[in-house]
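Each chain is listed here by its residues.
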Amino acid sequence: MTSSPRLPLLAGLSLAVGAGLAIPVQGRINGALGTRLNDGIAAAVVSFSTGLVVMILISLLLPRGRAGLARILPAVRSRAFPRIYVLAGGIGALFVFAQSFTIGILGVALFTVATVTGQTVSGLLVDKLGIGPAGRKSVTAIRVIGCLLTIAAVAWAVSPRFAASGGTPGMAADGGAGLGGPAALLVPLLLPVAAGFLMSFQQAMNGTATMHYGTPIAATLVNFVAGSVVLWTAYAVKVSVAGPGNPLPAEWWYYLGGPMGCVFIGLGALLVRSLGVLVTGLGMIAGQLLGSLALDVVLPAPGTIVAPATVLGTVLTLAAIILATLPWPRGALRR
């Protein structure tokens, strides 16, 4: 097992925020690709396949990548960590599929709240169980309050998009077509909640694997291999039943979702050892909101609204994350 020094809290949290900036960009790209192809599975396959190509090139060209490649099979064979951890990429595949399939139905706003809720709750659970390389972390009252404030702040930040839909159930908040009622939205809504909930487990698995591979490059590569296998299998079944969707678009930017995934999966695997799963996830949530706000200002999608609630909700999210991550002394809440 190769050990690397732990990052200071401020440096690690800054990197987590930076990694989170890639998530809304990836979501915008994969959602648009899913709509263009009329096939969420095909869009997820494209995203993961391009990411896999990038990671193969990085692993072969960089010395640390080649060293990590050499450690993958020995670590798995020696059971240095549970072998199921190599399937963590399947969780990433579910998240990308959820982006591609549900953003056009739910809209970016509802998708964001759903994934953030799932990820925040599971971050507390994973740290409590000690699944990640940072070990067990207590579920203190301050951390719970910080998580609840984060969820509330994210909901406030995206509330203008709900208002833009006129409050009509089943209408996507960013202009996507709805399904016609709250009951019809239940399944599409549960998918991003489940994907967000499992993301904390994926980060914990990747962080543990990274310690044994010696580099997050190898852990990220294994993720994309596992995720690609899952998605190509699902796509083969889909094509055999319903046939292929629309042809691939010629525009180059549709194929950037995979490289964006390389960024936040790799950094997430690196950071959970220093920050723990919850703090890493919260930092990425902050980056996700900041990135979404920047996208809405610089490259607004149809129906985009940047209201005071969007800005203030983003600021409150940052404050809630600081509340949850500061090293509060025992009994601070009672005092």
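Residues numbered from 1 in each chain as written. Predicted model: local features only at pLDDT ≥ 70, side-chain atom pairs only at ≥ 80, totals over all residues. Heavy atoms only, no water.

As recorded in an unreviewed UniProt entry, the protein goes by Membrane protein and comes from Pseudarthrobacter scleromae.

**Side note on the side chain of K238**
Along the chain, K238 turns up in helix α8 (residues 216-242). Only 2.6 Å separates the side chain of K238 from the backbone oxygen of G243, close enough to count as a polar contact. (Helix = DSSP H or I, 4+ residues; strand = E, 2+ residues; numbered from the N terminus. Polar contact = N/O pair within 3.5 Å; in protein donor to acceptor, adjacent residues only side chain to side chain.)

**A few points about a nonpolar patch on the surface**
A surface patch of nonpolar side chains, amounting to about 620 Å² of accessible area, comprises V53, I56, L57, L60, L61, L62 and L69. The element contributing the most residues to the nonpolar patch is helix α3 (residues 40-61), with five residues. Considering the arrangement of structural elements, one finds L69 in helix α4 (residues 63-77). (Patch = residues over 30% accessible without salt bridge, like charges linked within 9 Å, V, L, I, M, F, W, Y side chains within 5 Å. Areas by Shrake-Rupley, 256 points an atom, 1.4 Å probe, with all protein chains shown as cover. Salt bridge = Lys/Arg side-chain N within 4 Å of Asp/Glu carboxyl O.)

**Let's talk about the nonpolar core**
What tends to happen in soluble globular proteins is that the nonpolar side chains get buried as a cluster. Grouped together as the largest cluster of nonpolar side chains are 33 residues, with contacts concentrated most on L33, F48, M55, F95, F224, L231 and F264. Going through the elements one at a time, α2 (22-37), α3, α5 (89-129), α7 (182-213), α8 and α9 (257-275) are the ones with two or more residues in this core. Top element by residues in this core is α3. It accounts for nine residues. Setting aside chain neighbours within four positions, we find F224 in contact with F48, G51, L52, M55, G258, G261, C262 and I265. A286, L289, I321 and A324 belong to the second-largest nonpolar core, a separate cluster that totals 19 residues. (Core = buried A, V, L, I, M, F, W, Y, C linked by side-chain atoms within 4.5 Å. Buried < 20%, exposed > 50% of the residue type's maximum accessible area, 1.4 Å probe, protein only. Contact = heavy atoms within 4.5 Å.)

**Overview of the packing of aromatic side chains**
Taken as a whole and assessed by the stated rule, the structure comprises six aromatic pairs. With centroids separated by 5.0 Å and ring planes inclined at 45°, the aromatic side chains of F48 and F224 adopt a geometry described as tilted. Here F224 lies in helix α8 and F48 lies in helix α3, a separation of 176 residues in the sequence. Accessibility assignment for this pair places F48 and F224 in one class, buried. Their ring planes at 40° and their centres at 5.7 Å tell us that F197 and F201 sit as a pair that is tilted. In this pair, F197 and F201 are both assigned in helix α7, four residues apart and thus about one turn of the helix distant. Chaining the aromatic ring pairs together yields one cluster made of F81, Y85 and Y213. (Phe/Tyr/Trp six-rings, centres within 6.5 Å; stacked < 30°, edge-to-face > 60°.)

**Here we look at the environment of M284**
By secondary structure assignment, the location of M284 is in helix α10 (residues 277-298). Overall, the relative accessible area of 2% leaves M284 in the buried class. For M284 and S14, which are 270 residues apart along the polypeptide, the C-alpha to C-alpha distance reads 9.2 Å.

**Notes on the environment of M211**
Inspection of the secondary structure assignment puts M211 in helix α7. Accessibility expressed as a relative area gives 16% for M211, which makes it buried. In this structure, the C-alpha to C-alpha distance between M211 and A269, residues 58 residues apart in sequence, is 9.2 Å.

**With respect to the environment of G245**
If you trace the backbone, G245 turns up in the loop between α8 and α9. Assessed through its relative accessible area of 33%, G245 is described here as partly exposed. For G245 and R36, which are 209 residues apart along the polypeptide, the C-alpha to C-alpha distance reads 9.2 Å. Not counting residues within four places of it along the chain, the set of residues in contact with G245 comprises L37, D39 and K238.

**Looking at the pattern of salt bridges**
When charged atoms on two side chains of opposite charge get close, those side chains can pair. In this structure the tally under the stated criterion is three salt bridges. Across the pair D39 and K238 runs a salt bridge whose closest N-O atoms are separated by 2.7 Å. With a gap of 199 residues between them, D39 in the loop between α2 and α3 and K238 in helix α8 connect regions that are remote in the sequence. Relative accessible area serves as the criterion here: at 5%, D39 is assigned to the buried category. The residue D127 makes a salt bridge to R143 at a minimum N-O spacing of 3.0 Å.

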